[in-house]
Amino acid sequence: MTPPTLRPWPALCVLGLIAGCGWNHLPQQDTRYLDDALWAPADAISTEDGLYVRLPHAGALVRINQGVDPTLVNVGEGRVTRIAAAPDDQTVLAFIERYRCTTEDPREARRIEVIEDCGEGDLEIETEISLVRGNELGIGQPIDGAYNAVAFSDDSRFAIAYLDFTQEITLEGVVNLNGVVVLDLQDNSSTIVTVGFAPDRVLFNYDEGGGVTSAVVLSKNQVASVDLLSEPHAV
């Protein structure tokens, strides 16, 4: 039996951003207490394509353009946990969590629709990182859910995801503390590269024309140079 794919709770009305959401259109006229904020203005990203705002409680992403109604970015049955912008003011990366319930009970599987329906121990979470183009996502690249920081090359060709221990971080299960994920934003591919224990800073090298050639990753016990133009990426 194929495990059911779960979706977060449906997006709520957020400060009138979603068309048709007035006070008299709320699901219930009572008091609700939420664990997460409705929106994250501090995380908003401005690009040539519009303003992207994350909705933490709904796990959604909204694109806002002047003079038109705000629109939800189509992330499918997933939850946006963070977003990041490249230097070109055009490229946005979204971290998306996907959920599956592994219950083997057919009766349980039939009633499961949202995350909260899945029993304890049956929930599987997979994380991917995707390019955002207008209101759509590109093909997602799998990534460890613990990675919480992204460094972009100046030409926006490459991004490197790593663990930043100065930020809030949750480590569960097996986590690769010696690697970074190299994302080729041009080819939409990802590669895990071993660089040393707990990498915490990324610098880039460029050729005379301004094209990126390599990345220098600083970790607790070594400095690694990653050749971004080789395949696979040599260290």
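What counts and how
- The residue numbering used here restarts from 1 in each chain and proceeds along that chain's sequence as written.
- Only residues with pLDDT of at least 70 get local features here, since the model is predicted, and only at 80 or more are side-chain atom pairs given and counted; chain-wide, interface and lining totals rely on the full set of residues.
- The side-chain quantities take in all heavy atoms of the structure and omit both hydrogens and water.
- Side-chain atoms within 4.5 Å are what join buried Ala, Val, Leu, Ile, Met, Phe, Trp, Tyr and Cys residues into a set we call a nonpolar core.
- Summary of the burial criterion: residues with accessible area below 20% of their type's maximum are buried, those above 50% are exposed, and those between are partly exposed, where the area comes from a 1.4 Å probe applied to protein chains only.
- Runs of E in the DSSP output that reach at least two residues are strands. Runs of H or I that reach at least four are helices, and both are numbered from the N terminus.
- Contact definition: two residues touch when any of their heavy atoms are within 4.5 Å.
- Whenever two N or O atoms come within 3.5 Å, that pair is a polar contact, provided that in protein one can donate a hydrogen and the other can accept it, and provided that, for residues adjacent in sequence, both atoms are side-chain atoms.
- Note on terminology: pairs of cysteine sulfur atoms within 2.5 Å are recorded as disulfides.

Focus on the nonpolar core
Generally speaking, a soluble globular protein has its nonpolar side chains buried in company with each other.
No. 1: Ile-160, Val-180, Val-195, Val-202, Phe-204 and Leu-228 are the most contacted members of the largest nonpolar core, which totals 17 residues.
No. 2: Residue assignment for this core shows that the elements contributing at least two residues are strand E11 (149-152), strand E12 (158-162), strand E13 (179-184), strand E15 (201-206), strand E16 (212-218) and strand E17 (223-227).
No. 3: Discounting chain neighbours no more than four positions away, the residues touching Val-180 are Tyr-147, Ile-160, Ala-161, Tyr-162, Thr-191, Ile-192, Val-193, Val-195, Pro-199 and Val-217.

As for the environment of Ala-44
No. 1: Along the polypeptide, Ala-44 turns up in the loop between strand E1 (5-6) and strand E2 (45-47).
No. 2: Exposure remark for Ala-44: the relative accessible area of 30% places this residue in the partly exposed category.
No. 3: Residues Ala-44 and Arg-54, spaced 10 residues apart in sequence, show a C-alpha to C-alpha distance of 6.8 Å.
No. 4: Setting aside residues up to four positions removed in sequence, Ala-44 forms contacts with Leu-51, Tyr-52 and Val-53.

What about the side chain of Asp-184?
No. 1: Take Asp-184: it is sitting in strand E13.
No. 2: Classification of Asp-184 as buried rests on a relative accessible area of 7%.
No. 3: Here the side chain of Asp-184 touches Asp-187 through a polar contact of 3.1 Å, landing on its backbone nitrogen.
No. 4: Once residues lying within four places of it in the same chain are set aside, the contact partners of Asp-184 are Arg-157, Phe-158 and Ser-189.

Brief notes about unusual backbone geometry
What you tend to see is this: most non-glycine residues have negative phi, and most peptide bonds are trans.
No. 1: Cis geometry marks the peptide bond from Glu-231 to Pro-232, where omega comes out at 0°.
No. 2: Its location among the elements puts Pro-232 in the segment after E17.
No. 3: The residue Asp-89 is not glycine, and still its phi comes out positive at about 60°.
No. 4: Within the element layout of this structure, Asp-89 appears in the loop between strand E6 (78-85) and strand E7 (92-101).
No. 5: Overall, Asp-89 belongs to the partly exposed group, its relative accessible area being 42%.
No. 6: Even without a glycine there, the phi angle at Ser-156 is positive, about 60°.
No. 7: Structurally, Ser-156 can be placed in the loop between E11 and E12.
No. 8: Judged by its relative accessible area of 7%, Ser-156 falls in the buried class.

Some details on the state of the cysteines
No. 1: Following the criterion strictly, the structure yields 1 disulfide and no others.
No. 2: Disulfide partner of Cys-101: Cys-118, at an S-S distance of 2.2 Å. Taking the torsion about the sulfur-sulfur bond, which here is approximately 85°, the covalent link between Cys-101 and Cys-118 counts as right-handed. Placement of Cys-101 in strand E7 and of Cys-118 in the loop between helix H1 (106-111) and strand E8 (123-133) is noted, with a sequence separation of 17 residues between them. Assigned by exposure class, Cys-101 and Cys-118 land together as buried.

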